[in-house]
Amino acid sequence: MTDIKLQIIILGGGTAGWMTACLLATRWPQSKVTLVESPDIGIIGVGEGSTPQLRSFFRDLGVDERDWMPECNATYKNGISFHGWSSRPGFESYFHPFQTDLDIHTAPQFFFHTRARRTGRDVWAHPDRFFLSAKLAERRLAPIPSENFPFDIGYGYHFDAVLVGRYLRKHAVERLGVRHVEGKVVHVEPDGKGGVAALHLEGDYRLSGCFFVDCSGFTGAIVQRALGEPFVSFADNLFNDRAVALPTANDPSDIPYETRATALSAGWAWRIPLTNRAGNGYVYSSRYIDPNAAEHELRSHLGLLESDVEARHLQMNVGRVRNSWVANVLAVGLSQGFIEPLEATALHIVQATVEGFASALEQGGFDEANRTSFNETINRRYDGIRDYIVCHYRVNSRSDTEYWRDNGANQKLSESLKSILTCWFTGEDLVAEIHKQDIARYYAPLSWHCLLAGYGVYPEDSKTIPAEASLPISDMTVIDRFINHAARNFRTHPELLIS
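The text that follows walks through the structure, step by step, so that each part is easy to find. In this text the structure is predicted, and so the values were computed from the model without any measurement.

Attention shifts here to the overall build of the protein chain. Within the protein chain, the regular secondary structure consists of 16 helices and 21 strands. With the principal axes as the frame, the protein chain shows a C-alpha extent of 75 × 55 × 55 Å. Put simply, the protein chain has 499 residues, and 57% of those count as buried. Sequence separation of at least 24 residues holds for 75% of the intrachain contacts in the protein chain that already meet a minimum separation of 6. Here the protein chain contributes 49 positive and 60 negative side-chain charges, whose respective centroids are spaced 2 Å apart.

So, about the sheet that holds strand β10 (residues 205-208). What the three strands build is an open sheet, ordered β8-β9-β10; its pairing is antiparallel. With partners counted over all chains shown, the strands left at the sheet margins are β8 (185-190) and β10, one partner each. Neighbour-to-neighbour, the strand axes of the sheet open up by a mean angle of 25°, direction not taken into account. Across five bridges, the pairing between β8 and strand β9 (residues 196-201) is antiparallel. Within the sheet, the bridge partner assigned to Glu 189 lies in β9 and is Ala 198.

Let's shift gears to unusual backbone geometry. The phi dihedral of Ala 327 is positive, around 55°, even though this residue is not glycine. Structurally, Ala 327 can be placed in the loop between β19 (325-326) and β20 (329-331). Backbone geometry places Ala 344, a non-glycine residue, at a positive phi of 55°. Looking at the secondary structure, you find Ala 344 in the loop between β21 (337-338) and α9 (346-364).

A few words now on the packing of aromatic side chains. Counted under the stated rule, the structure contains 37 aromatic pairs. Seen in terms of ring centroids, Phe 149 and Phe 490 are 5.3 Å apart; in terms of plane orientation they differ by 70°. Their pairing is edge-to-face. Placement of the pair is Phe 149 in the loop between α5 (132-138) and β6 (156-158) and Phe 490 in the loop between α15 (476-487) and α16 (493-498), with a sequence separation of 341 residues. The two residues Phe 149 and Phe 490 agree in class, both being buried. Ring geometry for Phe 239 against Tyr 288: centres 6.3 Å apart, planes inclined by 20°, an arrangement best described as stacked.

This part takes up the pattern of salt bridges. Here the structure, examined in full by the defined rule, presents 24 salt bridges. Close ionic contact of Arg 66 with Asp 64 constitutes a salt bridge, the shortest N to O distance being 3.0 Å. Taking relative accessible area as the criterion, Asp 64 reaches 31% and is therefore assigned partly exposed. Linked by salt bridges that have partners in common, Arg 320, Asp 383, Arg 386 and Asp 387 make up one network.

As a further point, take helix α14 (residues 445-454). α14 sits mainly inside the fold: ten of its ten residues count as buried. Next to the buried residues of α14 lie β5 (93-97), α4 (107-118), α10 (368-394), α12 (415-425) and α13 (430-437). Of the residues trailing α14, Gly 456 is marked for its positive phi of about 75°.

Here we take up the sheet that holds β5. What the seven strands build is an open sheet, ordered β5-β4-β14-β15-β16-β13-β17; its pairing is mixed. Both edges of this open sheet fall to β5 and β17 (312-315), since each of them pairs with a single strand only. Averaged over neighbouring strand pairs, the angle between their axes works out to 20° when direction is ignored. Pairing of strand β13 (residues 242-248) with β17 involves four bridges; the strand directions are antiparallel. Across the sheet, the residue bridging to Arg 242 is Gln 315, located in β17.

Taken N-terminus to C-terminus, the directions of α9 and α10 make an angle of 160°; their axes are 10 Å apart at the nearest point. For the element pair α9 / α10, the angle class is roughly antiparallel. Taken as a pair, α9 and α10 cross one another with a handedness that is right-handed. Within the contact between the two elements, α9 uses His 348, Ile 349, Ala 352, Thr 353, Gly 356, Phe 357, Ala 360, Leu 361 and Gly 364 and α10 uses Asn 370, Phe 374, Ile 378, Arg 381, Tyr 382 and Ile 385. Split by residue class, the contact of α9 with α10 holds nine nonpolar, five polar and one charged.

Core analysis: the largest hydrophobic core is formed by 137 residues, its most contacted members being Trp 68, Trp 85, Leu 132, Leu 168 and Trp 448. Here the element with the most residues in this core is α10; it accounts for nine residues.

What follows deals with the packing of α12 against α13. Between α12 and α13, whose axes approach to 9 Å, the crossing angle comes to 165°. One element, α12, and the other, α13, form an angle in the roughly antiparallel class. Considering only the axes of α12 and α13, their crossing is right-handed. Each of Ser 416, Ser 419, Ile 420, Cys 423 and Trp 424 in α12 lies in contact with α13, whose residues at this interface are Leu 430, Glu 433, Ile 434 and Gln 437.

Once that is clear, we can look at the state of the cysteines. Applying the stated criterion across every chain, the model contains zero disulfides. Cys 22 provides the cysteine sulfur closest to Cys 215, a residue in no disulfide bond, and the two sulfurs are 12 Å apart.

Along an α-helix, residues three or four apart share an orientation, since each turn contains 3.6 residues. With 14 residues, helix α1 (residues 14-27) ought to run about 20 Å at 1.5 Å a step, and its terminal C-alpha atoms sit 20 Å apart, in line with that. Most of α1 is tucked away: twelve of the 14 residues are buried. Restricting attention to buried positions, one finds in α1 the residues Gly 14, Thr 15, Ala 16, Gly 17, Trp 18, Met 19, Thr 20, Ala 21, Cys 22, Leu 23, Leu 24 and Ala 25.

What counts, and where the lines are drawn
Residues numbered from 1 in each chain as written. Predicted model: local features only at pLDDT ≥ 70, side-chain atom pairs only at ≥ 80, totals over all residues. Heavy atoms only, no water. Helix = DSSP H or I, 4+ residues; strand = E, 2+ residues; numbered from the N terminus. Buried < 20%, exposed > 50% of the residue type's maximum accessible area, 1.4 Å probe, protein only. Contact = heavy atoms within 4.5 Å. Lys, Arg positive; Asp, Glu negative; His and termini not counted. Charge placed at Lys NZ, Arg CZ, Asp CG, Glu CD. Pairing = 2+ DSSP bridges. Axes fitted to C-alpha atoms, helices over the stretch in contact; angles between N-to-C directions. Phe/Tyr/Trp six-rings, centres within 6.5 Å; stacked < 30°, edge-to-face > 60°. Salt bridge = Lys/Arg side-chain N within 4 Å of Asp/Glu carboxyl O. Parallel < 35°, antiparallel > 145°, perpendicular 65-115°, else oblique. Left-handed = near helix turned anticlockwise from the far one by under 90°. Nonpolar A, V, L, I, M, F, W, Y, C, P; charged D, E, K, R; others polar. Core = buried A, V, L, I, M, F, W, Y, C linked by side-chain atoms within 4.5 Å. Disulfide = S-S within 2.5 Å. Expected span 1.5 Å × (residues − 1).

In structure tokens:
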């Protein structure tokens, strides 16, 4: 908590806008925060999942899960299961877990096994048996342990993004004193110094401030349109630029605590379980399939070819602005950038951006060098997340469609990702490489190992040899017993609600 006093104007509501309002009003209670949004502009909800960082967001707000989750039809998330991304036998699916304190007892063995397998030893090296989160997902158990379980469990959430936005709006206005203004912005008034002086709304209403936050979505009304900040496209790295979404019924008594990502002909389909329904969608590339064909493929995938449930089509602008903090304006959310929701990073980036900006401003003020340092940090985060997502496509072993063949042959990779892949294929220490590059803050070694091992990116089985007796290969039955015993401390979501 600081004595910073600013008159802050946030343009745009939705989850990103109201998260920003809550974060800034909580951190700087002496500042005056106003959020303006148009009731005529819809909210884009491509993804309805989160990373574990959202736990700290609500914790810092003083909001309990028992308060916000029921109001937002939210469920717990142990991680993401991937299906059909690899055609290698035995590796057709894998689970990407969130980290837990318990991993210290199994992750080192997993890392050792993957390196032994990469160097030609015939050892078990699929990730799913090594991690508690995968076992919890398999058994449909929520990641909330009994009181006597002494380890912290990493988890995220699934939720209705529109309801979360409404919940945060209520919290911001009623508890934090954020001013809410409804209206349509018709003009952004420059301040003559490269920044913004005020927003003009319909009805000749002027909102002035000393700092502005652009949460206006893909339109980028302030940073991109008014200030002309260039957009850096990721189209050469990430081919997907469209999505189509369809809701389906969900059995509240049998909730899967995982996001499901299934590879289709020109992209992938998500399934996100809520308490009242399942959110489904198909993220795809318009270069390989048109919207009508994509909708038909999704309906077929869901068994909804004869259903009259209306589909929602979305366009995605994949990439980021060159700078998120320009003069006295901060871009947050879709106006700042977008990476397809494969790893549910959208709200994580919102949180990291706003918290990073607040810390930067407290430490260095509005100094240009401070602003440059902040922008470089955020850009590295975007690029680091991009590289991890690109890796999902680059190492795929499918060859059934042109889309997957072109992704597998894509050579437009960053130097960072090239080094990661070289390290993996040559059997070097991937943990050391990740720390050398200083990219563990975006995706930790566990995530990189699970991705590459989950796809079965190993030498062919015929080229492996039995492991030498001198190698400390783990007994998988011991690991299985350890994970199974730990899982006995967890229950299902309905059981948690009843207790």
